[in-house]
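# Chains, contacts and geometry: an overview
The primary structure of each chain is shown beneath.
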Amino acid sequence: MPKKTQRFDPRQNMNGSSFEIFHYLDPKTRHLEAHYHDFYEIYFFIDGDVDYWIDGSLYHLVPGDILLINPTELHKPVPKSESDKYERIVLWINKTYLSGIEKGIFECCFDCKNPNYSKVLRLSSENKNSLFSLAHELCKEYYGKEFASDICAYSILLQLLTLINRFSRSDETVSNEKYSTPTLISEILAYINDHYYEKLSLDSLAAHFFINKYYLSHEFKNSVNTSLYRYITLKRLNAAYSLLCEGHPANEVSIMCGFGDYTGFFRAFKAEYGISPTECARSQRHL
């Protein structure tokens, strides 16, 4: 009989090439740094006192909400109090794997161009219960050792993706209830997103926005829960990873993404992904 929950694993990379699922129950909400990954994430919020921050917007969550997080979007939970319990199911799905299932039809729920697109699904009790029941069953089969558990897990995954896409297209209640981070920080985030390939620093951003650099550093850390330098580095690495996957040479990617020199880019990339930029590019060519 598989364990109901798994011990929290802070890694943000997939070990396999298809999907992974985790049922986490923490005794207290963790303060996590903003992070991103190159795969899709479906987040089933079960219990706790948290909001969720995604690329500059903060979403108010209630138990039963489902978050749809795209690759490369920076995100993190934001504790509202020192809650005694934080429970959720997290489903990771490889981009190539998802696009290969039925010619990519299950990617529609992540497409922000769809008329009914929402990052948060807040469904009727009946539909919510159907999805959460499937998520629990998927966990059970994914970690199960019984005959054909892997085949059963794949079948449940298809049911789950079918319903999520069906509900995201319907007129059923979806929630875009959110509030942005403080206006100043929102403007700075937008500026970094548009200018990450330029020379950016605490001093240059403070001068551009006519504010004290120590105040900027403090407010940014409070709002995003990571340092300004770390956020800029993540944005650059994010862009670099995508460019390497598209076949651009590593030395050109370093320049295109705003790294001052290749050595610094190499170190930052390897620290983040565990492989060098050239190894990343080579692995993508062999897919």
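Higher on the page you've got the structure.
On a predicted model such as this, the values are computed, not experimentally measured, just so you know.

Attention shifts here to the pairing of strand 2 (residues 40–47). For a regular strand, side-chain orientation follows a simple rule: the groups alternate between the two sheet faces. Burial analysis of strand 2 places six of its eight residues in the buried class, the great majority of the element. Relative to strand 7 (residues 86–93), strand 2 is paired through seven bridges, and the arrangement is antiparallel. What sits directly across from Phe-45, in strand 7, is Arg-88. Where strand 2 and strand 5 (residues 66–69) come together, four bridges link them in antiparallel fashion.

On to empty space enclosed by the protein. What the rule picks out here adds up to one cavity of 30 Å³ or more. As for the largest cavity, its lining consists of 16 residues, and the residues nearest its centre are Phe-8, Gln-12, Tyr-24, Glu-41 and Val-90. For the lining of the largest cavity, the secondary structure elements donating two or more residues are strand 2 and strand 7. For the lining of the largest cavity, the element with the highest residue contribution is strand 7, accounting for four residues. For the lining of the largest cavity, the residue count by class is nine nonpolar, three polar and four charged.

The next thing to look at is the environment of Asn-222. Turning to its location among the elements, Asn-222 is positioned in helix 6 (residues 213–224). For Asn-222, a relative accessible area of 52% puts it in the exposed group. In the structure, Asn-222 is positioned 174 residues away from Gly-48 in sequence and 21 Å away in space, judged by C-alpha atoms.

With that settled, the discussion passes to the nonpolar core. Among the nonpolar cores identified, the biggest contains 36 residues, and Trp-53, Ile-192, Leu-205 and Phe-220 are the most heavily contacted of them. With ten residues, the single largest contributor to this core is helix 7 (residues 228–245). Setting aside residues no more than four positions away along its own chain, Leu-205 makes contact with Tyr-191, Ile-192, Leu-200, Leu-216, Leu-228 and Ile-232. By size, the runner-up hydrophobic cluster in this structure holds 31 residues, among which are Phe-44, Phe-132, Ala-135 and Leu-138.

Now for the packing of aromatic side chains. Taken as a whole and assessed by the stated rule, the structure comprises 21 aromatic pairs. Where Phe-19 meets Tyr-97, the ring centres are 6.3 Å apart and the plane angle is 35°; that geometry is what we call tilted. In this pair, Phe-19 sits in strand 1 (residues 19–26) while Tyr-97 sits in helix 1 (residues 95–100), placing the two residues 78 residues apart along the sequence. Looking at Tyr-97, the relative accessible area reads 21%, which means it is partly exposed. When the ring of Phe-22 is compared with that of Trp-92, the centres are 5.0 Å apart and the planes differ by 70°; the resulting orientation is edge-to-face. Of this pair, Phe-22 sits in strand 1 while Trp-92 sits in strand 7; the two residues are 70 residues apart in sequence, bridging distant segments of the chain. The same class applies to Phe-22 as to Trp-92, namely buried. These aromatic residues form a ring-pair network of at least three members: Tyr-241, Phe-259, Tyr-262, Phe-265, Phe-266, Phe-269 and Tyr-273.

Take the layout of surface pockets next. Considered as a void within the structure, the largest pocket measures approximately 960 Å³ in volume. In this structure, the largest pocket is lined by 31 residues; those nearest its centre are Asn-13, Met-14, Asp-38, Phe-39 and Tyr-241. Elements that contribute at least two residues to the lining of the largest pocket include exactly helix 1, helix 7, helix 9 (262–273) and helix 10 (277–285). Counting residues per element, the lining of the largest pocket draws most heavily on helix 7, which supplies five residues. Grouping the amino acids of the lining of the largest pocket by side-chain chemistry returns twelve nonpolar, 13 polar and six charged. Elements represented by at least two residues in the lining of the second largest pocket include exactly helix 7 and helix 9.

What counts, and where the lines are drawn
Residues numbered from 1 in each chain as written. Predicted model: local features only at pLDDT ≥ 70, side-chain atom pairs only at ≥ 80, totals over all residues. Heavy atoms only, no water. Buried < 20%, exposed > 50% of the residue type's maximum accessible area, 1.4 Å probe, protein only. Helix = DSSP H or I, 4+ residues; strand = E, 2+ residues; numbered from the N terminus. Pairing = 2+ DSSP bridges. 1 Å grid on protein atoms, 1.4 Å probe; cavity = no way out; pocket = protein on both sides within 12 Å on 5 of 7 lines; lining within 4 Å. Points joined across faces, edges and corners; volume = space filled by probe spheres on them. Nonpolar A, V, L, I, M, F, W, Y, C, P; charged D, E, K, R; others polar. Core = buried A, V, L, I, M, F, W, Y, C linked by side-chain atoms within 4.5 Å. Contact = heavy atoms within 4.5 Å. Phe/Tyr/Trp six-rings, centres within 6.5 Å; stacked < 30°, edge-to-face > 60°.

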